[in-house]
Amino acid sequence: MAPKKDPKAPAKKAEPAPAPAPAPAPEPAPAPKAPAVDLSAIKAFGLFDRVGDNKVAYNQIADIMRALGQNPTNKEVNKLLGNPSADDMANKRVEFEGFLPMLQAIINSPNKAGYEDYVEGLRVFDKEGNGTVMGAELRIVLSTLGEKMTEAEIDALMAGQEDENGCVNYEAFVKHIMSV
Amino acid sequence: MDCHNEDCSRPQEEEDIMDIPLDDPEANRAAAKIQAGFRGHMTRKKLKPEDKTEGEERQEDRGQ
């Protein structure tokens, strides 16, 4: 009797290496808050995809949100992106499924500014309490405080807003800002 | 030259401008909110003409 060699062959699990599955088509979840956002969000996202890989670069995220009617600060967006480096901002890309929760976070943000907030914020610089601020002073504030704006941005913003005395009626200014 | 002349001091306007609270966190926070609103507005304004061409939904780069 020849000894039977029972080779304990390890069970071969024919498991093919799972290839990274392509993202399935996002199903619009029945969110109680503004379900219409999903459709316009998909459209906006697609418009910003210049590469055609169904992704957008980190440095486009804030603009897509703005296109969708939100006003995130750059700080809020950076926080959602995990405080990326400048290199990450330019080179890292995110797909729609990654973008949507970030957008939702901004939409649901508790400290969103409205008309009154903007007016109150500008009223701080209304030295004479007459409903106007000096255009020149506003330009300096915008370029030195908070998330500094460039001269080009400020010029584009202030175009046609200063009266002949260089003053800006800030309530009208804010209404104009909020109309788009 | 008489440098002690008051005319040598900074004009009133500049003094007011120098009152800007560069280190005040509240002022900076208020400024950031305003700037966020402005940036939102400008992005939407820039995209507006593209929005009107809804019939042509092309994902091609329009150079913008």
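As the structure is a computational prediction, the values presented were derived from the model and not from experiment.

## Some thoughts on the overall build of chain A
Then, in step 1: Summing up its helical and strand segments, chain A has nine helices and four strands in all.
Then, in step 2: Starting at the N terminus and walking to the C terminus, you meet the elements of chain A as α-β-α-α-α-β-α-α-β-α-α-β-α.
Then, in step 3: Within the span of chain A, comprising 180 residues, buried residues form 33% of the whole.
Then, in step 4: Within chain A, contacts between residues at least 6 apart in sequence are counted, and of these 62% link residues at least 24 apart.
Then, in step 5: About 11,300 Å² of surface is accessible on chain A, with carbon and sulfur atoms providing 57% of the total.

## As for the environment of A:Cys167
All names here are of chain A.
Then, in step 1: You can see Cys167 is positioned in strand S4 (residues 167–169).
Then, in step 2: It is 4.6 Å that separates the C-alpha atoms of Cys167 and Met134, two residues lying 33 residues apart in sequence.
Then, in step 3: When residues no more than four places from it in sequence are discounted, the contact partners of Cys167 are Thr132, Val133, Met134, Gly135, Gln161 and Glu162.

## Things to note about the packing of aromatic side chains
Residue and element names in this part refer to chain A.
Then, in step 1: Scanning the model with the defined rule gives four aromatic pairs over all chains in all.
Then, in step 2: A centroid spacing of 5.4 Å and a plane angle of 85° characterise the contact between Phe45 and Phe96, whose relative ring orientation is edge-to-face. Of the two residues, Phe45 sits in helix H1 (residues 36–48) while Phe96 sits in helix H5 (residues 96–107), which places them 51 residues apart along the sequence.
Then, in step 3: A relative accessible area of 8% means that Phe96 is categorised as buried.
Then, in step 4: Taking 6.1 Å as the distance between ring centres and 55° as the angle between the ring planes, the aromatic pair formed by Phe96 and Phe99 counts as tilted.

## Some remarks on the domain arrangement of chain A
Then, in step 1: Once the domains are mapped, chain A shows domain 1 (37–108) and domain 2 (115–178).
Then, in step 2: The distance between the C-alpha centroids of domain 1 of chain A and domain 2 of chain A comes to 28 Å.

## Quick word on the interface of chain B and chain A
Then, in step 1: The interface is formed by 30 residues belonging to chain B together with 38 residues belonging to chain A.
Then, in step 2: In total, chain B and chain A occlude about 3,300 Å² of area from one another, counting both sides; carbon and sulfur atoms represent 64% of this.
Then, in step 3: Of all residues in chain B, B:Phe38, B:Arg39 and B:Arg44 give up the largest surface area on contact with chain A, accounting jointly for 22% of the area buried on that side.
Then, in step 4: Our count for the contact surface shared by chain B and chain A stands at 14 residue pairs in polar contact (both at pLDDT 80 or more).
Then, in step 5: Breaking the side of chain B that touches chain A down by element, the ones donating at least two residues are helix H1 (12–17) and helix H2 (25–52) of chain B.
Then, in step 6: Of the residues forming the side of chain B that touches chain A, the biggest block, 19 residues, is contributed by H2(B).
Then, in step 7: A per-class count over the side of chain B that touches chain A returns twelve nonpolar, eight polar and ten charged.

## Thoughts on the UniProt feature "domain: EF-hand" (unreviewed entry) in chain A
Then, in step 1: UniProt records the feature "domain: EF-hand" (unreviewed entry) at residues 113–148 of chain A, using the numbering of this structure.
Then, in step 2: Taken as a whole, residues 113–148 of chain A contains 53% helix and 8% strand, while its terminal C-alpha atoms sit 18 Å from one another.

## Considerations on helix H7 (residues 135–144) of chain A
Residues and elements named next belong to chain A.
Then, in step 1: Looking at H7, one finds that the buried residues are Gly135, Glu137, Leu138, Val141 and Leu142. Buried residues in H7, looked at end-on, bunch into an arc of 160°, giving them a common side.
Then, in step 2: Directly beyond the C-terminal end of H7, a positive phi value near 55° is found at Gly146.

## Quick notes on the nonpolar core
Then, in step 1: Core analysis: the biggest nonpolar cluster contains 24 residues, and A:Leu157, A:Phe173 and B:Phe38 have the highest contact counts within it.
Then, in step 2: Among the secondary structure elements, those contributing two or more residues to this core are helix H6 (115–123), H7, helix H8 (151–158) and helix H9 (170–178) of chain A together with H2 of chain B.
Then, in step 3: With five residues, the top contributor of residues to this core is H2(B).
Then, in step 4: Here A:Phe173 is in contact with A:Leu122, A:Leu138, A:Leu157, A:Met158, A:Gln161, A:Val168 and B:Phe38, once residues within four sequence places are set aside.
Then, in step 5: Core analysis: the second largest hydrophobic core is formed by 21 residues, A:Ala44, A:Val56, A:Ile106 and A:Ile107 among them.

## Some points on H5(A)
Then, in step 1: Its twelve residues give H5(A) an end-to-end C-alpha distance of 16 Å, which sits within 8% of 16 Å, the value for a rise of 1.5 Å per residue.
Then, in step 2: Of the positions making up H5(A), those classed as buried are A:Phe96, A:Phe99, A:Leu100, A:Met102, A:Leu103, A:Ile106 and A:Ile107.

Conventions adopted
Residues numbered from 1 in each chain as written. Chains lettered and ligands numbered in written order. Predicted model: local features only at pLDDT ≥ 70, side-chain atom pairs only at ≥ 80, totals over all residues. Heavy atoms only, no water. Helix = DSSP H or I, 4+ residues; strand = E, 2+ residues; numbered from the N terminus. Buried < 20%, exposed > 50% of the residue type's maximum accessible area, 1.4 Å probe, protein only. Contact = heavy atoms within 4.5 Å. Areas by Shrake-Rupley, 256 points an atom, 1.4 Å probe, with all protein chains shown as cover. Phe/Tyr/Trp six-rings, centres within 6.5 Å; stacked < 30°, edge-to-face > 60°. Domains from an automatic or database assignment. Buried area = accessible area lost by both parts, 1.4 Å probe. Polar contact = N/O pair within 3.5 Å; in protein donor to acceptor, adjacent residues only side chain to side chain. Nonpolar A, V, L, I, M, F, W, Y, C, P; charged D, E, K, R; others polar. UniProt positions renumbered as here; feature names shortened; annotations may be inferred. Arc of directions from axis to C-beta. Core = buried A, V, L, I, M, F, W, Y, C linked by side-chain atoms within 4.5 Å. Expected span 1.5 Å × (residues − 1).

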